Protein chains: 2
Amino acid sequence: MTKRAYNFCAGPAALPEAVLQQAQKELLDWQSKGVSIMEMSHRSDEFVGVANQAEQDLRDLLSIPEHYKVLFMQGGASQQFAQIPLNFLPESSSADYIDTGIWSRKSIDEARRYGNINVAASAKKYDYFSIPGQNEWQLNKQAAYVHYTTNETIGGLQFDWIPESGDVPLVADMSSDILSRPVDVSRFGMIYAGAQKNIGPSGLVVAIVREDLLGKARASCPTMLDYKVAADNGSMYNTPPTFSWYLSGLVFKWLKEQGGVEGMAKLNFEKQRLLYEYIDKSDFYTNPISKSARSWMNIPFRLADARLEQAFLAGAQERALLNLQGHRSVGGMRASIYNAVPMAAVEALIDYMRAFEKEKA
Amino acid sequence: MTKRAYNFCAGPAALPEAVLQQAQKELLDWQSKGVSIMEMSHRSDEFVGVANQAEQDLRDLLSIPEHYKVLFMQGGASQQFAQIPLNFLPESSSADYIDTGIWSRKSIDEARRYGNINVAASAKKYDYFSIPGQNEWQLNKQAAYVHYTTNETIGGLQFDWIPESGDVPLVADMSSDILSRPVDVSRFGMIYAGAQKNIGPSGLVVAIVREDLLGKARASCPTMLDYKVAADNGSMYNTPPTFSWYLSGLVFKWLKEQGGVEGMAKLNFEKQRLLYEYIDKSDFYTNPISKSARSWMNIPFRLADARLEQAFLAGAQERALLNLQGHRSVGGMRASIYNAVPMAAVEALIDYMRAFEKEKA
């Protein structure tokens, strides 16, 4: 086998090697049953056991209170952008959204198709290099909910605080930072996350929904998009993505072995500290995000001389440092350093950045 | 490793062993890239190559004409039950549906939430043991489309003919018999199928849509549920279920090696012939479906003495003949013998049925 590369992909992202090894080992024969976990009925005792254990491990990891439902669904965060208003926004009502970058704007554009959306704050006035403080937000106390994106995967902005929304349910897209550090779930009405960064393979989305918000979906909401239907059926109204659910369960188990989200927070703090410190000390690389809003997960950076970008990427590839190109919409570089990206990867990246700077500066 | 069992699960169903072996081999290191196919950006050249090859192989297998789009989506057939009216049924119009069992009734119930649905024919008058001939159908020439289910997974009924719908687009749920034998795609407006029977793992749904039907979705249709958006973005409006897509591609390649759908048709004909012949000759086992409507894929059967069912299942389990219990809504037994279930599995099942009958009759 080729040596495993260091993979800085923004998503679908690196998975823990130990998880892939276990999946590989039992791919044709899960627990001596003679079949793959992929070949089992989702209603079999075996798969239901796997599914329930995954949910319980996620509940343990995030200390999810009893009165929240955990849902395993399909369609990614982009489908949630429609599901949220279809479930939570009565036609005559409005919702508050916070604009911090490309992903929050996508959620706003889709929600506008279903009702009045008030952009209560926007990072635009800071050129998306900083997050407006809550004193700058224009929240509506009658809003059906407040929606924000905890981490902007493309821009590299992350909230290091939880907004105060009073009695209005707070809804958060945590696709790219869930499980990267502790979070007080009880502050939220709903948290959701596409799996393909910190949870598992793509094709799965996890939602954590406060029970009292369920059961108010619009008449036009497709049955499959109604959170209450998913909750009442244990996320098995129809056949769920069983392999993704199973693999996510292996990731949750791995996270517990690594010290849970507290362990991840320590590791992730060190990973981002090393990389930002190196970038800030260099005149060759830059990151434009204000320090209080910098993402621990996605670190975009630019070379002082943009003409060197292709050479930088080619040299990185040679060292098996993969997927460092920025998002196609913004260019530059980006290192995504999710939970499964080890400290050694960050160190190898910095070594390479240093060598490249020395050669080209 | 335990010996691989014979798996008669209705879905998620058996996958070809050669496919699982290849996936296992390259699970941590796809084509010496040092990462799993699951860990690659869906927009990477590598994954786009995998995705396009899968589409091309499916086009080859089913001789899909140029003017049809092939879409890889999420949410299963149950989500399609809403997507179809949201995309094809103008609010003032009506659609014709054919009721042949549990799955077609589910599609009818969901469609009724979006407009006028005319049940143009129902197998109810035959207690769902037979499919009404087209001379008994009350089709509406003004219908937006005609929908039917080619194979009822639970009831064990299958069309061995394609309805004539004139200028009205014919929409078919082929979840449980796609790729099991040749089909003339040009007769259809749309064909769709959940992957977890004859295509790949659950969490993926494949749709084949005639281009001229695209672009008429309702204003309230979620962006992710609009077929035109999926088509315009190569099924990558957002992150698709990459691993399921990849694995489906391996299945398509395997099917080509087996002689394509023509090869499968020969094999599947022999498999069902053997099993129905044995059941029909026996006084101990029965299948109630009229011969012209019998499914090649899902063969429900009952024991003359229902009290022996548990003993039958326990004995089957001991011989590694798995998942022969009927659907929880109907009971009895069911052998699902999709493409990936080999002739040897059917022979082993009949051997066991014979031995059990001899012991108990």
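Every chain begins its residue count from 1, and numbering advances along the sequence as written. Chain A is the first chain written and ligand 1 is the first ligand written, with later ones labelled in order. Reporting in this predicted model follows two pLDDT cut-offs: at least 70 for local features of residues, and 80 or more for side-chain atom pairs to be given and counted; totals over whole chains, interfaces and linings ignore these cut-offs and use all residues. Side-chain measures were taken over the full set of non-hydrogen atoms in the model, leaving aside hydrogen atoms and water.

As recorded in an unreviewed UniProt entry, chain A goes by Phosphoserine aminotransferase and comes from Thiopseudomonas acetoxidans. Its UniProt record gives chain A a comment under Function (unreviewed entry), which states: "Catalyzes the reversible conversion of 3-phosphohydroxypyruvate to phosphoserine and of 3-hydroxy-2-oxo-4-phosphonooxybutanoate to phosphohydroxythreonine." UniProt positions are given in the numbering used here, feature names are shortened, and annotations may be inferred rather than shown by experiment. Chain A has a UniProt comment under Subcellular location (unreviewed entry) that states "Cytoplasm".

S.K.: Please clarify how the nonpolar core should be interpreted in this entry.
M.R.: Most often, soluble globular proteins have nonpolar side chains that are buried together. Ranked by size, the top nonpolar core spans 126 residues in total, and within it Leu-179 and Tyr-246 of chain A together with Leu-179 and Tyr-246 of chain B carry the most contacts. Residues are treated as being in contact if the distance between any of their heavy atoms lies within 4.5 Å. Setting aside residues up to four positions removed in sequence, Tyr-246 of chain B forms contacts with Gln-22, Ala-23, Glu-26, Trp-30, Ile-37, Phe-47 and Val-50 of chain B. By nonpolar core is meant a set of buried Ala, Val, Leu, Ile, Met, Phe, Trp, Tyr and Cys residues that side-chain atoms within 4.5 Å join together. Exposure is judged per residue with a 1.4 Å probe applied to protein chains only, and the accessible area is read against the type maximum: over 50% gives exposed, under 20% gives buried, and values in between give partly exposed.

S.K.: Teacher, can you tell me more about the sheet that holds strand β14 (residues 333-336) of chain A here?
M.R.: To summarise the sheet geometry, strands pair through backbone hydrogen bonds and adopt either a parallel or an antiparallel arrangement. Residues and elements named next belong to chain A. Spatially, 3 strands are ordered β11-β12-β14 in an open sheet, and the strand pairing comes out antiparallel. The sheet is open, and its two edges are formed by β11 (285-286) and β14, each paired on a single side. Strands were regarded as paired on the criterion that DSSP finds at least two bridges between them. Helix and strand definitions here come from DSSP, where helices need a minimum of 4 consecutive H or I residues and strands a minimum of 2 consecutive E residues; each element is numbered from the N-terminal end. Of the strand pairs in this sheet, strand β12 (residues 298-303) and β14 are connected by 4 bridges, and their pairing is antiparallel. By the bridge assignment, Phe-301 is partnered in β14 with Met-333. Here, axes are lines fitted to C-alpha atoms. For helices the fit covers the stretch in contact, and angles between N-to-C directions go from 0 to 180 degrees. The strands that helix α7 (residues 260-281) touches are β11, β12 and β14; relative to β12, the one it contacts most, it runs at about 15°. Together, β11, β12 and β14 form the strand contacts of helix α8 (residues 309-318), whose direction differs from that of β12 by roughly 125°.

S.K.: Please explain the pattern of salt bridges as it appears in this structure.
M.R.: Pairing between side chains of opposite charge can happen when their charged atoms approach one another. All names here are of chain B. What counts as a salt bridge is simple: a side-chain nitrogen of Lys or Arg found within 4 Å of a carboxyl oxygen of Asp or Glu. One pass over the structure, following the stated rule, counts 42 salt bridges over all chains. Across the pair Glu-164 and Arg-187 runs a salt bridge, and its minimum N-O distance is 3.8 Å. A residue pair is termed long-range when its members are at least 10 positions apart, and Glu-164 in the loop between β7 (157-158) and β8 (170-173) and Arg-187 in the loop between β8 and β9 (190-194) qualify at 23 residues. Under the relative-accessibility criterion, Glu-164 is labelled partly exposed at 46%. Take Arg-187: its relative accessible area is 34%, and that puts it in the partly exposed class. Here Lys-291 ties to Asp-280 by a salt bridge, and the two come within 3.8 Å at their closest N and O atoms. You can see Lys-291 sitting in the loop between β11 (285-286) and β12 (298-303) and its partner Asp-280 sitting in helix α7 (residues 260-281), a full 11 residues away along the chain. We classify Lys-291 as exposed; its relative accessible area is 64%. On the accessibility criterion, Asp-280 (37% relative accessible area) is partly exposed.

S.K.: How should the sheet that holds β8 of chain B be read in this particular structure?
M.R.: All names here are of chain B. The 7 strands are arranged β2-β10-β9-β8-β5-β3-β4 in an open sheet whose pairing can be described as mixed. Either end of the sheet is taken by a strand with one partner, and the two such strands are β2 (68-73) and β4 (116-122). On average, each strand axis in the sheet is tilted by 20° relative to the strand beside it, whichever way the strands run. Looking at chain direction, strand β5 (residues 146-149) and β8 are connected through 4 bridges and run parallel. For Val-146, the partnering residue across the bridge sits in β8 and is Leu-170.

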